[in-house]
Amino acid sequence: MGALLLGACGGEDTKADDEAGNGDDLSPPVAEVDASVSVPSPVEDAGQDAGTTTGRWQPGQKIPASEMWASGSDGASREWAKLFGDWRGRPVTSTWLNLLFLPWDWLATPGLLSTMDDENKGQFKVWEQWGDFQGVVALSMSMAGTSEVTQEQYDESMRQCATGAFDPAWKAFARNAKAAGRTGENTIVSLAQEFNGAWFPWNPKNVGLQVWTDCWKRVYTAIHSESDLKVSWVFSAVPKSAQGSDLLAVPNVWDAYPGDEYVDVLGLTRYDFQDFGPSTNTDWRQTCDNEQDICRAAELAREHGKKLAVIEWSIQRNEEGYGDNSNFVQMMFGFFADNRDVLLLENNFNHYGDGGDQNIWYLYPRTTDNVRSSDKYKELYAP
């Protein structure tokens, strides 16, 4: 089950989590969410159109540039983004950057210091590399400091975060981002991404939902006190068969919703795991009976007046996924097209060349491992 639910973001962080004691013994939250928090209610009947307002996309229909949503891949580099865009025939207008391991002094450094990995290689300033990018940058960021610590240490950091201990660092980050020309139109902070799983240290299973949401609110308020950057609440889509699993820190993801006033963008990550349904499915409406999946997320974004972000999505080429599955690529494109009235961005998770497990998702470059899905993606996204 660990491989089943494991989101792609972070990659090497999963090893650190295991070493930090993220075992299968799930403890229930020690506190409940504040009763004043606005929590979305479960879906009853999503209906055939699931609340879409853009009409139903038909296979073969091209989306004109004027109606295209922000779309791209993970931001290994500006050069990579250009190669990916050139390959698919449509420039990259969204990118996702993994900044999960930043220490506080890096976060507060003008220009936002990073290495884009956790091995201290190639140190650079994010806004110098991506400052003139003509699109939306999504920053996947840890909620309470570097993820390169034990689970116990991170839990304590979340407790400190809930009292405002790290507000100055987040305010400095926001001020520096604003000074670098970053706004809510071109930058979102994907805070504590995939928090509902137990594979990242920022999950609430040990500290409880009250501490977790208090920390979230402190970070959100600090960022908005100095900038208009958007903050996105991003969960990992969960198969119905896995709900209640020890791998989940939150049995129902909506229990951790901090309230509309503390969320700018609703988001999720979605991979082609077998437990989500048959490999033959090309219609995203077949997911509407699962309130922790793409259909429900789009419905709630629309109901709550939020934009929707699919920070990561891709095929899954290991024993838990369907491999080179072009049907999944078509299903996701149809979902994006049908919900483009609320869709802010989507990024294909396209790690390539790092070796090992990092190579099970990519669509580009086209190889013998991804012929059908790669060709389908290029066909759908070409102008």
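Heads up: the structure comes first, above all this text.
Presented here is a report on the structure given in the accompanying data block. Everything quoted here is computed from the prediction, not taken from an experiment. (Residues numbered from 1 in each chain as written. Predicted model: local features only at pLDDT ≥ 70, side-chain atom pairs only at ≥ 80, totals over all residues. Heavy atoms only, no water.)

### Comments concerning the pairing of strand β5 (residues 136–141)
Part 1 of the argument: Of all six residues in β5, six are buried; the element is thus mostly enclosed.
Part 2 of the argument: Burial along β5 is two-sided: V136, A138 and S140 facing one way and V137, L139 and M141 facing the other are all buried.
Part 3 of the argument: Two elements, strand β2 (residues 94–99) and β5, share six bridges in a ladder whose sense is parallel. Looking across to β5, one finds that W96 is bridged to A138.
Part 4 of the argument: With five bridges connecting them, β5 and strand β6 (residues 187–191) associate as parallel partners. Bridge assignment links S140 to a residue of β6, and that residue is S190. (Buried < 20%, exposed > 50% of the residue type's maximum accessible area, 1.4 Å probe, protein only. Helix = DSSP H or I, 4+ residues; strand = E, 2+ residues; numbered from the N terminus. Pairing = 2+ DSSP bridges.)

### Let's talk about the state of the cysteines
Part 1 of the argument: By the definition in use, this model includes two disulfides.
Part 2 of the argument: Here C161 engages in a disulfide with C215; their sulfurs sit 2.1 Å apart. Judged by the torsion about the S-S bond (90°), the C161/C215 disulfide is right-handed. Highlighted residues: C161 in helix α6 (residues 151–162) and C215 in helix α8 (residues 209–226), separated in sequence by 54 residues. In this structure, C161 and C215 share a single accessibility class: buried.
Part 3 of the argument: For the protein chain, the disulfide bridges join cysteines in the arrangement 1-2, 3-4, where the cysteines are counted in sequence order. (Disulfide = S-S within 2.5 Å.)

### Concerning the packing of helix α3 (residues 78–88) against helix α11 (residues 371–381)
Part 1 of the argument: For the pair α3 and α11, the least separation of the axes is 8 Å and the interaxial angle reads 80°. Overall, the two elements α3 and α11 adopt an arrangement that is roughly perpendicular. Between α3, through F84, W87 and R88, and α11, the contact on the second element is made entirely by S374, Y377, K378 and Y381.
Part 2 of the argument: Looking at the contact of α3 with α11 residue by residue, the classes come out as four nonpolar, one polar and two charged. (Axes fitted to C-alpha atoms, helices over the stretch in contact; angles between N-to-C directions. Parallel < 35°, antiparallel > 145°, perpendicular 65-115°, else oblique. Contact = heavy atoms within 4.5 Å. Nonpolar A, V, L, I, M, F, W, Y, C, P; charged D, E, K, R; others polar.)

### Here we look at the pattern of salt bridges
Part 1 of the argument: Under the criterion given, the structure shown has 16 salt bridges.
Part 2 of the argument: Of the charged contacts in the structure, one is a salt bridge between K230 and E185, with a shortest N-O distance of 3.9 Å. You can see K230 sitting in strand β7 (residues 230–236) and its partner E185 sitting in the loop between α7 (167–179) and β6, a full 45 residues away along the chain.
Part 3 of the argument: The exposure class of E185 is exposed, given its relative accessible area of 65%.
Part 4 of the argument: Between D341 and R302 there is a salt bridge, and its shortest N-O distance comes to 2.9 Å. Here D341, found in the loop between α10 (326–338) and β10 (343–348), pairs with R302, found in helix α9 (residues 294–303); they are 39 residues apart in sequence, far enough to count as distant.
Part 5 of the argument: Each member of the salt-bridge network shares a partner with another, and the members are R56, D283, R285 and D338. (Salt bridge = Lys/Arg side-chain N within 4 Å of Asp/Glu carboxyl O.)

### Structural notes on the nonpolar core
Part 1 of the argument: Core analysis: the largest hydrophobic core is formed by 112 residues, its most contacted members being M143, W170, F173, F195 and W233.
Part 2 of the argument: Setting aside residues no more than four positions away along its own chain, M143 makes contact with W104, Y154, M158, C161, W170, L191, A192, W212, C215, W216 and V219. (Core = buried A, V, L, I, M, F, W, Y, C linked by side-chain atoms within 4.5 Å.)

### So, the sheet that holds β7
Part 1 of the argument: Taken in spatial order, the eight strands of this closed barrel run β1-β2-β5-β6-β7-β8-β9-β10, and their pairing is parallel. Taken pair by pair, the neighbouring strands of this sheet meet at an average axis angle of 25°, ignoring direction.
Part 2 of the argument: The sheet contact formed by strand β8 (residues 265–271) and strand β9 (residues 307–314) spans seven bridges and is parallel. By the bridge assignment for β9, Y271 is matched with S314.
Part 3 of the argument: Running at roughly 170° to β8, α9 makes contact with β7, β8 and β9 of the sheet.

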